[in-house]
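Residues per chain, in single letters:
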Amino acid sequence: MNESRRVGLLGYPVHHSLSPVMHNAAFHALGLAWEYDLIPVAPENLALAVDVLQAEGYVGANVTIPHKQAIMPLLAGVSQEAQIIGAVNTIINASGQLRGYNTDAYGFWQVLGDAAFTPSSYQAVVLGAGGAARAVLYALLSHGFSVTLVNRTESKATELAQHFAPYFDHTIKVVAHDDTEHLQAELEIADLLVNSTSVGMTPHITENPLPPAISLPATLTVYDLVYNPRETALLQAARAAGAKTVDGLGMLLYQGVEAFRLWTHQEPPVDVMRTALEGAIQARTSSPP
Ligand code: NAP
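**So, the environment of Y36**
Among the secondary structure elements, Y36 is positioned in strand β2 (residues 34-40). Each C-alpha atom, one on Y36 and one on N24, is 6.1 Å from the other, the two residues being 12 residues apart in sequence. If sequence neighbours within four positions are ignored, Y36 has contacts with V7, G8, L9, S19, P20, H23, N24, F27, N62 and W263.

Written out as structure tokens, the structure reads:
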């Protein structure tokens, strides 16, 4: 029997989310009578929303800004990975017990595999120290990278470096965002540059998170988490410098792929999900709200 089931997205706001398009296309492709709902929840109502998820029998949910950290103590359990990252983006309802996971780190790393990224120095430079940076840092450190972290607010970068230090042998070195000379030297020896700031997002599409004096080595792979637009000013500059580029759509796709797997225990139709996302982003880029 193909039972009707529901999953949803807890966040505030959620109306801009591309997850319903991606997941509903996947449910449809597999003939599942499942539905992905948007569940806007103001911060003061989060505990109530968690009760409602349980009471209404949701199979699971995604969690987005601003609840990824706040939801953790409200759950019956959290995976070790989500605990170390310090954020939950996916929930499973196992017989009324809500358990939290983080699929962002998986999503981030999976894309590098698709891009045939082959590190040699195992050094990465990461820009940004917000929520997304946590998953990026976890993925890189757990795959043996040493990381140089740069953030506009340096104290947040230092906090993240301290947060991860007990869990990994490899370290996070913090460099001030205006120390261009030091940043240039770190880029010269790195395999990978990751932008996990929101700089370059629509509508500020001409902005580049790197200082203008920086020149990108052609040996780098430059990975921008921003997916709207897919071709950011940073990726344009990287391509012009002869570097390889990776855009943010793949991470969005694969975090969803892994969440889908956790909820349905079925192999996700990745190509269907990718096509749905590409169409939705294309529509949004050509007619912004
Ligand atoms: P967040 O927690 O709000 O963090 C934002 C980061 O950007 C902070 O490090 C912030 O620095 C920095 N920043 C913002 N404006 C800046 C500016 N004008 N100059 C320099 N730095 C600036 O956001 P987030 O959740 O980490 O998301 C960051 C980006 O990643 C967003 O574009 C988001 O769409 C994208 N993202 C993509 C995926 C994906 O699947 N592709 C997943 C998650 C996030 P301060 O600390 O100094 O404020």
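Continuing now.
**A short note on the packing of helix α9 (residues 249-264) against helix α10 (residues 270-286)**
Where α9 meets α10, the axes come as close as 10 Å, and the angle between the chain directions of the two elements is 135 degrees. Accordingly, the angle class assigned to the pair α9 and α10 is oblique. Viewed along their axes, α9 and α10 form a crossing whose handedness is right-handed. In this structure, α9 uses L249, L252, L253, Y254, G256, V257 and F260 to contact α10, whose residues at the interface are V270, M273, R274, L277, E278 and I281. Considering only residue class, the contact of α9 with α10 consists of 10 nonpolar, one polar and two charged.

**As for the nonpolar core**
One broad rule of soluble globular proteins: the nonpolar side chains tend to lie buried together. Residues F108, L140, F164, L192 and Y223 are the most contacted members of the largest nonpolar core, which totals 61 residues. No other element matches α9, which puts 10 residues into this core. Discounting chain neighbours no more than four positions away, the residues touching F108 are V136, A139, L140, L192, V194, Y223, L225 and M251. Counting 18 residues, the second largest nonpolar core, distinct from the first, contains L53, Y58, A61 and M72.

About the thresholds
Residues numbered from 1 in each chain as written. Predicted model: local features only at pLDDT ≥ 70, side-chain atom pairs only at ≥ 80, totals over all residues. Heavy atoms only, no water. Helix = DSSP H or I, 4+ residues; strand = E, 2+ residues; numbered from the N terminus. Contact = heavy atoms within 4.5 Å. Axes fitted to C-alpha atoms, helices over the stretch in contact; angles between N-to-C directions. Parallel < 35°, antiparallel > 145°, perpendicular 65-115°, else oblique. Left-handed = near helix turned anticlockwise from the far one by under 90°. Nonpolar A, V, L, I, M, F, W, Y, C, P; charged D, E, K, R; others polar. Core = buried A, V, L, I, M, F, W, Y, C linked by side-chain atoms within 4.5 Å. Buried < 20%, exposed > 50% of the residue type's maximum accessible area, 1.4 Å probe, protein only.

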